[in-house]
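Examination of the molecular architecture
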Amino acid sequence: MTVFQSLWNRIEEQTAHLVVVGLGYVGLPVSARFAQVGFGVTGLDVDEHKVAKVNAGVCPIEGDEPGLAELLAEVVAAGRLRATTDYTVCQKADVVLVAVETPIDSIHQPRYSALRAAVRALEPNLMAGAMVIIESTVAPGTMDRLVRPILEANGSRRSGMDFYLIHCPERVMPGLLLKNLAHLSRVVGGDTPEAARLAQRLYRTIVEAELDLTDCVTAELVKTAENAYRDVQIAFANELALICEHVGADVWQVRELVNKSPGRDVLLPGAGVGGHCIPKDPWLLAYGASGTVSAKLIPAARDINDFMPLHMAELTVDALEEAGQELEGARVAVLGYAYLENSDDTRNSPSEVLVARLQELGAEVVIHDPWVPEYRGALEVRVQGCDAVVVMVAHDEYRRFDWSVLKKHLRHPVLVDGRRVVVDPGRQLPGFVFRGVGRPQVRSAAGSGAGP
Ligand SMILES: NC(=O)c1ccc[n+]([C@@H]2O[C@H](COP(=O)([O-])OP(=O)(O)OC[C@H]3O[C@@H](n4cnc5c(N)ncnc54)[C@H](O)[C@@H]3O)[C@@H](O)[C@H]2O)c1
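Description of the structure in this document. (Residues numbered from 1 in each chain as written. Predicted model: local features only at pLDDT ≥ 70, side-chain atom pairs only at ≥ 80, totals over all residues. Heavy atoms only, no water.)

1. Some thoughts on the overall build of the protein chain
Within the protein chain, the secondary structure is distributed over 16 helices and 13 strands. Relative to its length of 452 residues, the protein chain is compact, with a C-alpha radius of gyration of 24 Å against a globular reference of 22 Å. Oriented by its inertia axes, the alpha-carbon framework of the protein chain measures out at about 80 × 50 × 40 Å. Taken across its 452 residues, the protein chain has 56% of its residues classed as buried. The long-range fraction of contacts in the protein chain, counting pairs at least 24 apart against all pairs at least 6 apart in sequence, stands at 72%. In the structure as shown, the protein chain presents an accessible area of about 19,000 Å², 51% of it carried by carbon and sulfur atoms. Between the centroid of the 44 positive side chains of the protein chain and the centroid of its 58 negative side chains there is a distance of 2 Å. (Helix = DSSP H or I, 4+ residues; strand = E, 2+ residues; numbered from the N terminus. Rg over C-alpha atoms; globule rule 2.2 N^0.38 Å. Buried < 20%, exposed > 50% of the residue type's maximum accessible area, 1.4 Å probe, protein only. Contact = heavy atoms within 4.5 Å. Areas by Shrake-Rupley, 256 points an atom, 1.4 Å probe, with all protein chains shown as cover. Lys, Arg positive; Asp, Glu negative; His and termini not counted. Charge placed at Lys NZ, Arg CZ, Asp CG, Glu CD.)

2. Some thoughts on helix H13 (residues 350–360)
Among all positions of H13, only Pro350, Ser351, Leu354, Val355 and Leu358 are buried. One side of H13 holds all its buried residues, which, seen down the axis, span an arc of 135°. Residues of H13 that are buried sit in contact with helix H12 (297–322), strand E9 (331–335), strand E10 (364–368) and strand E11 (388–391). A side-chain oxygen of the first residue of H13 lies 3.0 Å from the backbone nitrogen of Ser351; this N-cap is Ser349. Looking one or two places after H13, you find Gly362, whose phi comes out positive at around 100°. (Arc of directions from axis to C-beta. Polar contact = N/O pair within 3.5 Å; in protein donor to acceptor, adjacent residues only side chain to side chain.)

3. Some words on the pattern of salt bridges
Two side chains carrying opposite charge are able to pair once their charged atoms lie near each other. Counting across every chain of the model gives 21 salt bridges. Arg186 is paired through a salt bridge with Glu135; the nearest N and O atoms lie 3.3 Å apart. In this pair, Arg186 sits in strand E7 (residues 186–190) while Glu135 sits in the loop between strand E5 (131–134) and helix H6 (142–152), placing the two residues 51 residues apart along the sequence. Here Arg186 matches Glu135 in class, with each residue buried. Residues Arg302 and Asp231 are paired through a salt bridge, measuring 2.7 Å at the closest nitrogen-oxygen approach. In this pair, Arg302 is assigned in helix H12 and Asp231 in helix H9 (residues 216–247), connecting sequence segments 71 residues apart. Classification of Arg302 as buried rests on a relative accessible area of 2%. When salt bridges with common partners are traced through the structure, they connect Glu135, Glu170 and Arg186 into a single cluster. (Salt bridge = Lys/Arg side-chain N within 4 Å of Asp/Glu carboxyl O.)

4. Quick notes on the site of the ligand
In the vicinity of the ligand, 29 residues are found, and the nearest of them are Asp45, Lys50, Tyr87, Thr102 and Lys280. Val26 has a polar backbone atom sitting 2.9 Å from an oxygen atom of the ligand. For the ligand, an oxygen atom lies 2.6 Å from a polar atom in the side chain of Asp45. Bound to the protein, the ligand loses 92% of the 820 Å² it would expose on its own. With three residues, the single largest contributor to the shell around the ligand is helix H5 (residues 113–122). Its residues assigned to classes, the shell around the ligand shows 15 nonpolar, six polar and eight charged. (Near = heavy atom within 4 Å. Nonpolar A, V, L, I, M, F, W, Y, C, P; charged D, E, K, R; others polar.)

So, in structure tokens, the structure goes:
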């Protein structure tokens, strides 16, 4: 039997053993799903605390992830998923999936220390005939220039002959990890057509959507392009919001009417773009051609989106001024520290930028977030004695909140809304000074100098 046929059979019979390197937002649900459908899975992470939690059947992700904690407990109890920090487990792995972080540095270049370390640690432990799948998002050309050369170990083994190499980037989003994993189509980039077919057979066991086969560089381009596209679209919505504010119009109404025109779909403007992916994947795409093509639109979009939390600080200064309070010496409550609603993920959080800016301008900042352990607590208690409340994230708790009750807890009734959690400020915020991204200024009944 050929090596290909033997691995194919083990995947089909689900007797193949899988190792998933990196038990984060991607690797953890991937491990749990493969274990759920019957594979024996070992999760491998450098973080001992995470490994201990997984082995105890406890989900290390704190955000609202429907079904994940239950599934993890179930597959660990059933003995189909265990975790370790020891790379020698790869010696018995038919398939190794790599899902470590791939951030960028301060000059927007990929920082592949985790990816390089993972692939280097895997290389001496790679079993002959095994399949290696990189799920991490990488710049175009990375499979060719970084991953394959390490695994080929100076020509001592060859991709397509001694092992199979695939890039199958993830499309999941926090809050929807298991759902996305099952229902979003995937791009399966093989270093050889046989590698792509094997990976397709594997993903068929957990993905109920299209699996598009291609080569590695196309898969790298598709993944980084889909997030760069989204970033550019959000930047357009944000630029439109800034224009609307300036001329005194409501971007939400403008957006709704623009989107009635065929083929238009203006996205939601807001207080900034965060998370591990959207702020860096456009730079990975641009990096893929750096030195040859000088990208212009991608950096411009990044600039606009990076400016939005700073703009929230501008709106706060302006609103406080109307309330008769300077920002310097003011106490400001920042609501939401995760980058996304109902998530505990604080990576590249726009709130972090806003907090730093407010502090730089002399404000005292208190933070509330129902999903981030260090910032939990009763909202009314957190905002007690504050001069302004700034909403950065549309957590459900904030969408449902009756903001008018805050008035008695605040020193100045000032609310700055970066996510349109207040739909009708005139009605919902009597006596408040209000500012919002893309919203016309509302002069409250209390008007200028509202406060004690
Ligand atoms: N978070 C998302 O929603 C999402 C969506 C699509 C794609 N991605 C991509 O998937 C990749 C992983 O993202 P994530 O959000 O899961 O990251 P994460 O930071 O949540 O998880 C990465 C994990 O890898 C571990 N790790 C780091 N170096 C290691 C090593 N050498 N050996 C073993 N483990 C190591 C870390 O300890 C961590 O637990 C990134 O490339 C990201 O761009 C993420």
